[in-house]
Amino acid sequence: MHFSFNDPSVSIAIVGAGGFIGSHLVDALIERTTWRIFAVDLDFDRLQHRLHHSRVDFLCGDLKNEEVALRIADCPIVVNLAAICVPSRYMLETKEVIESNYNHPVSLALACEKSGSWLIHFSTSEVYGRTSSEPCLLQEDTSPMTLGPIGASRWSYACAKQLAERYIASLENLSWTVLRPFNFIGPRMDFMPGIDGEGIPRVLANFCAALLRGEPLLLVDGGHSRRSFTSIHDAIHFIFAVLAHPDKSNREAFNIGNPDNELSIEALATLMRSTYASLRGVSLEGISSVQNVDAKTYYGAGYEDSLRRIPSIEKSQRLLDYTPKEPLEITLKETLSWFIDHYGSVL
Ligand code: NAD
Ligand code: UGA
């Protein structure tokens, strides 16, 4: 299996194309390939600048519909990004989260197996489950998964994602690659509550919103949990490394992360406050402070947390010669600048 980036006869379907990762991927495919792009999503707010591009076909469609899945599987390459993937929804919309992250991917995988398409499926670093604060590297093919009890409905997403991986891997005639992102950050991520979304966005977007609004940055349970944040630009480079090596990627799962960008949420808040103050040309005293909040109060019953997530990137380096490059400080400055430009006038 090989696809030249300069072959205009190649078509690729991006499901969830209107999302954070999807919109950056569509941009990169337009700029770096001559392929036709079939963009599928429920809406395309983040792709308004591409709506009339000659090589992009748009379908406002719901992956839960069988006919949409069959149409997507007509493309030889299918990237599935469609999901409900914001933690605050895992407890409130558990049934929908499971359908979105298990039922719909299974339906698409069966369609791809039948059509012979290569399925590149986006899973999550949450498939490593309720990790402890121990500094262990999470390895694709050996690390176990520990989940909380059924009542801790936060794990509905992680469980659905892992079972979807298991189902995909069980299809012997399917060409598949599973990607496990570790906290991608960058422009266009999530939403600004009350402006273009409701609920609690993921932490980076939530802290950007708080800084722009002059509200406190909320540290859940003291902000002691740790994450490894990954630039969306490194993430796109990784996806292209996979597209360039279909044979090495076939029937493999890969972490997409940057272990060098690991820090506590508390340290993230400190870094974001100083970056924001610098961008605005004001002192630290003039911007939002931080405030501790209890997890159950903030997220509601059923919330539990992964205390630490450090991706092993040994497999990506070995098979795909891929190493992430962008330091967290660079990505934070770019992302905060984007939030200021994008929302500054409406706040
Ligand atoms: P996002 O919410 O920005 O994008 C997801 C897109 O999927 C949205 O545009 C949404 O409208 C679309 N979608 C949802 N359900 C759909 C349906 N039934 N039919 C059609 N479209 C549908 O999220 P993202 O950050 O771009 O994440 C994309 C994928 O990567 C998801 O599968 C997510 O679980 C996974 N992931 C992302 C991260 C990250 O850090 N961004 C981390 C781990 C995993
Ligand atoms: C997220 C989501 O589950 C998915 O987008 C994705 O699958 C996963 O990241 C991943 O990267 O694989 P999580 O990292 O827990 O999971 O999501 P965030 O909402 O960004 O929370 C990160 C940490 O910050 C958590 O410990 C959370 O409690 C904390 N947090 C969040 C705060 O301290 N303050 C906030 O305002 C928001």
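The rules we used
Residues numbered from 1 in each chain as written. Chains lettered and ligands numbered in written order. Predicted model: local features only at pLDDT ≥ 70, side-chain atom pairs only at ≥ 80, totals over all residues. Heavy atoms only, no water. Helix = DSSP H or I, 4+ residues; strand = E, 2+ residues; numbered from the N terminus. Buried < 20%, exposed > 50% of the residue type's maximum accessible area, 1.4 Å probe, protein only. Pairing = 2+ DSSP bridges. Axes fitted to C-alpha atoms, helices over the stretch in contact; angles between N-to-C directions. Near = heavy atom within 4 Å. Polar contact = N/O pair within 3.5 Å; in protein donor to acceptor, adjacent residues only side chain to side chain. Nonpolar A, V, L, I, M, F, W, Y, C, P; charged D, E, K, R; others polar. Patch = residues over 30% accessible without salt bridge, like charges linked within 9 Å, V, L, I, M, F, W, Y side chains within 5 Å. Areas by Shrake-Rupley, 256 points an atom, 1.4 Å probe, with all protein chains shown as cover. Salt bridge = Lys/Arg side-chain N within 4 Å of Asp/Glu carboxyl O. Expected span 1.5 Å × (residues − 1). Contact = heavy atoms within 4.5 Å. Parallel < 35°, antiparallel > 145°, perpendicular 65-115°, else oblique. Left-handed = near helix turned anticlockwise from the far one by under 90°.

## Considering unusual backbone geometry
Despite not being glycine, Asn183 has its phi angle at roughly 45°, a positive value. For Asn183, the position within the fold is in the loop between β7 (175-181) and β8 (184-185). Judged by relative accessible area, which is 22%, Asn183 ranks as partly exposed. In this structure, Arg188 takes a positive phi of about 75° despite not being glycine. Position of Arg188 among the secondary structure elements: in the loop between β8 and α6 (203-213).

## Side note on the sheet that holds strand β2 (residues 36-41)
Read from one edge to the other, the open sheet built from seven strands follows the order β3-β2-β1-β4-β5-β7-β12, with strand pairing classed as parallel. Pairing within the sheet leaves two strands with one partner each, and these edge strands are β3 (56-60) and β12 (252-256). Averaged over neighbouring strand pairs, the angle between their axes works out to 15° when direction is ignored. One ladder, built from five bridges, connects strand β5 (residues 118-122) with β7; its direction is parallel.

## Concerning the site of ligand 2
Taken together, 26 residues surround ligand 2, and among them Thr124, Ser125, Glu126, Tyr157 and Asp305 come closest. Arg202 places a polar side-chain atom, nitrogen or oxygen, 2.7 Å from an oxygen atom of ligand 2. Put simply, the parts of the chain that give the shell around ligand 2 at least two residues each are α3 (87-92), α6, β9 (217-220) and α10 (295-299). Of the residues that constitute the shell around ligand 2, the class distribution is 15 nonpolar, five polar and six charged.

## Brief notes about a nonpolar patch on the surface
Taken together, the side chains of Ile195, Val346 and Leu347 define a hydrophobic patch exposed on the protein surface, amounting to about 240 Å² of accessible area. In this fold, Leu347 is placed in the segment after α12 (328-343).

## Quick word on the pattern of salt bridges
Overall, the coordinates contain 18 salt bridges when judged by the stated rule. The residue Glu262 makes a salt bridge to Arg226 at a minimum N-O spacing of 3.0 Å. Taken as a pair, Glu262 in strand β13 (residues 262-264) and Arg226 in strand β10 (residues 226-228) lie far apart in primary sequence, 36 residues in all. Owing to a relative accessible area of 16%, Glu262 belongs among the buried residues under this scheme. One salt bridge in this structure joins Glu252 and Lys315, with 2.7 Å as the shortest N-O distance.

## As for helix α5 (residues 156-170)
Here α5 spans 21 Å end to end across 15 residues, near enough to the 21 Å set by a 1.5 Å rise per residue. Residues of α5 that are buried: Ser156, Tyr157, Ala158, Ala160, Lys161, Gln162, Ala164, Glu165 and Ile168. Contacts made by the buried residues of α5 are with α3, α4 (94-115), β5, β7 and β12.

## Quick word on the packing of helix α9 (residues 265-280) against α12
It is the contact of α9 with α12, at a shortest axis distance of 10 Å, that shows an interaxial angle of 55°. The orientation of α9 relative to α12 falls into the category oblique. Of the two possible hands of crossing, α9 and α12 adopt the one that is right-handed. In this structure, α9 uses Leu268, Leu271, Met272, Thr275, Tyr276, Leu279 and Arg280 to contact α12, whose residues at the interface are Leu328, Glu329, Leu332, Lys333, Leu336, Ser337 and Ile340. Grouping the amino acids of the contact of α9 with α12 by side-chain chemistry returns nine nonpolar, two polar and three charged.

## Brief notes about α9
Between the first and last C-alpha of α9 there are 22 Å, a value that for 16 residues agrees with the 22 Å anticipated at 1.5 Å per step. For α9, the full list of buried residues reads Ile265, Leu268, Ala269, Met272, Arg273, Thr275, Tyr276 and Ala277. Against the buried residues of α9 lie α6, β9, β10, β13, β14 (290-293) and α12. Phi turns positive, to about 70°, at Gly281, one or two residues after α9.

## Here we look at the environment of Gln139
Residue position: Gln139 is located in the loop between β6 (137-138) and α5. Judged by its relative accessible area of 36%, Gln139 falls in the partly exposed class. Sequence spacing of Gln139 and Ser312 is 173 residues, and the spatial spacing of their C-alpha atoms is 5.4 Å. Discounting residues that sit within four places of it in the chain, Gln139 has contacts with Tyr128, Asn255 and Ser312.

Worth remembering: the numbers are spatial, not functional.
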